[in-house]
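Understanding the architecture of this molecule
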Number of protein chains: 2
Amino acid sequence: MALEHAILVSLLEKPGSGYELASRFDRSIGRFWTATHQQIYRVLKRMEADGWITAEEVAQEGRPDKRVYSAAAPGRDALTAWLRAPVEPETVRHELAVRIRGAAFDPAGTAGLAAEVERHRAAHAALLARYLAGERRDFPDPDVLDAAQALQHVVLRGGIEYERMTVAWLDDVLATLRRLG
Amino acid sequence: MALEHAILVSLLEKPGSGYELASRFDRSIGRFWTATHQQIYRVLKRMEADGWITAEEVAQEGRPDKRVYSAAAPGRDALTAWLRAPVEPETVRHELAVRIRGAAFDPAGTAGLAAEVERHRAAHAALLARYLAGERRDFPDPDVLDAAQALQHVVLRGGIEYERMTVAWLDDVLATLRRLG
DNA sequence: TCCTGCTATGCAACTCGTTGCATAGCAACC
DNA sequence: GGTTGCTATGCAACGAGTTGCATAGCAGGA
């Protein structure tokens, strides 16, 4: 139920079309919330019908026209109300953990699982490197940030620490698998 | 798409009824995969129809009868196939991160958000304490574990490190909010 | 020239997950 | 005696999320 609110935050940071929002969700916002373009277009329609956002048709040359959305007052109010309501507990779903515990029932597949874990480790290490590069680029001087930037930075630091921890844990998993195999 | 497989892992570790599975999902398995009893009952039916698991009616005294499920050969095969297939990338959804970034657009609500973050911090610290207690109880001597136990332990260590990291990050968030407010 | 890929939006069908409700007997507490 | 809570299973309805497909023009490479 938070996709609407993630979109509102993104549109308040900067107006954009459905397509642009989808690519933002593949980048920065995707760090903590994923969405496909189909979901985004559907929700944008509902939000426009509810008066949360307004759309403006923008003609373009050499590429299709687009509809640029901006957050409207009712949307801002809805976001504020949501921000102030208590948060539901998060549901964690870690598929790799299911697989690791399942490996006990497929000893012959341990080597394959280790290769999988290694692939994940590489992906998380690459993401960590991207986050760190983004941090150097966007926050070169962390002491002179305005409120919005300081909050973006602390969320990014969360992503960095998550990836760091995950890489270390996957190393632990690999060592454990090696001891068993 | 992994609820079936999480259930298979759990039934291979120990047969059980839908109700028992639901409480396991509230405990150990819930660390990395959540499910409600309605979901579990529905999936159990489908799995039984597909021949992945078998059921046995068990009469009880002083409480309702139950259906105890066990993993069958086709289910084990399905699990093995799933374990050996490549893993899809995980989708992360961190609602609190959306809220933190949204706080830039509701300065008056910063104090309320800080209280929320503090509540989350307490919940994660409590979970960390529970994990550590469980580790001391279930793995007092980590050097003499069989394969299944070693894998359960490394998954638990992942949970512990995740909670540790989260508590530290929430402290960082609180410090950032205090600097702004 | 054909194929791939990017911008840009959308429908239809399906599966997954959540919420509310229902039944039913027993035990414990106030 | 009434309320709450636990074991045990389930239906129905809804909302969220995924997958496959479709359109359409332009740019760039093999």
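Here the structure is shown first, and the text comes after it.
Moving on: the overall build of chain A. Looking only at helices and strands, chain A has 7 helices and 2 strands in total. The order of helices and strands in chain A, counted from the N terminus, is α-α-α-β-β-α-α-α-α. Since a compact globule built from 181 residues should have a radius of gyration of about 16 Å, the 21 Å found for chain A marks it as more spread out than a globular shape. With the C-alpha coordinates of chain A rotated into their principal frame, the extents come out at 60 × 45 × 40 Å. Buried residues in chain A amount to 45% of all 181 residues. Sequence-distant contacts, at least 24 apart, represent 56% of the contacts inside chain A between residues at least 6 apart. Carbon together with sulfur atoms contributes 54% to the accessible area of chain A, which is approximately 9400 Å² in total. Charge-centre separation for chain A: the mean point of 24 positive side chains lies 3 Å from the mean point of 26 negative side chains.

Copy one and copy two of the chain differ by a rotation about an axis and a translation along that axis. Rotating chain A by 180° about the axis while translating it 0.0 Å along that axis superimposes it on chain B, leaving an RMSD of 0.1 Å. Look at the turn and shift together and you get a two-fold axis relating the two. A symmetric contact is evident, with 100% of the interface residues of chain A recurring at the interface of chain B.

Let us now look at the sheet that holds strand β2 (residues 53–58) of chain B. Residue and element names in this part refer to chain B. Taking strand neighbours across the sheet as the criterion, the 3 strands line up as β1-β3-β2 in an open arrangement whose pairing is antiparallel. Each of the sheet's edge strands pairs with one partner strand only, and the pair in question is β1 (16–17) and β2. By the bridge criterion, 6 bridges tie β2 to strand β3 (residues 66–71) in an arrangement that is antiparallel. In the sheet register, Glu56 faces β3, and the bridge partner there is Val68. With respect to the sheet, helix α3 (residues 37–49) is in contact with β2 and β3, its orientation differing from that of β2 by roughly 115°.

Of all hydrophobic cores here, the largest spans 87 residues; its most connected members are Ile7(A) and Ile7(B). Setting aside chain neighbours within four positions, we find Ile7(A) in contact with Leu21(A), Phe25(A), Ile40(A), Val43(A), Leu44(A) and Met47(A).

Below, the discussion takes up the pattern of salt bridges. Throughout the structure, instances matching the rule amount to 24 salt bridges over all chains. Of the charged contacts, one joins Arg157(A) and Asp172(B) as a salt bridge, the two residues approaching to 2.7 Å between their closest N and O atoms. With Arg157(A) in helix α7 (residues 147–180) and Asp172(B) in helix α7 (residues 147–180), the pair connects residues from two separate chains. For Asp138(B), the salt bridge goes to Arg137(B), with nearest N and O atoms at 3.2 Å.

How each quantity is defined
Residues numbered from 1 in each chain as written. Chains lettered and ligands numbered in written order. Predicted model: local features only at pLDDT ≥ 70, side-chain atom pairs only at ≥ 80, totals over all residues. Heavy atoms only, no water. Helix = DSSP H or I, 4+ residues; strand = E, 2+ residues; numbered from the N terminus. Rg over C-alpha atoms; globule rule 2.2 N^0.38 Å. Buried < 20%, exposed > 50% of the residue type's maximum accessible area, 1.4 Å probe, protein only. Contact = heavy atoms within 4.5 Å. Areas by Shrake-Rupley, 256 points an atom, 1.4 Å probe, with all protein chains shown as cover. Lys, Arg positive; Asp, Glu negative; His and termini not counted. Charge placed at Lys NZ, Arg CZ, Asp CG, Glu CD. Least-squares fit on C-alpha atoms with pLDDT ≥ 70 in both. Pairing = 2+ DSSP bridges. Axes fitted to C-alpha atoms, helices over the stretch in contact; angles between N-to-C directions. Core = buried A, V, L, I, M, F, W, Y, C linked by side-chain atoms within 4.5 Å. Salt bridge = Lys/Arg side-chain N within 4 Å of Asp/Glu carboxyl O.

By themselves, these figures tell us nothing about what the structure is for.
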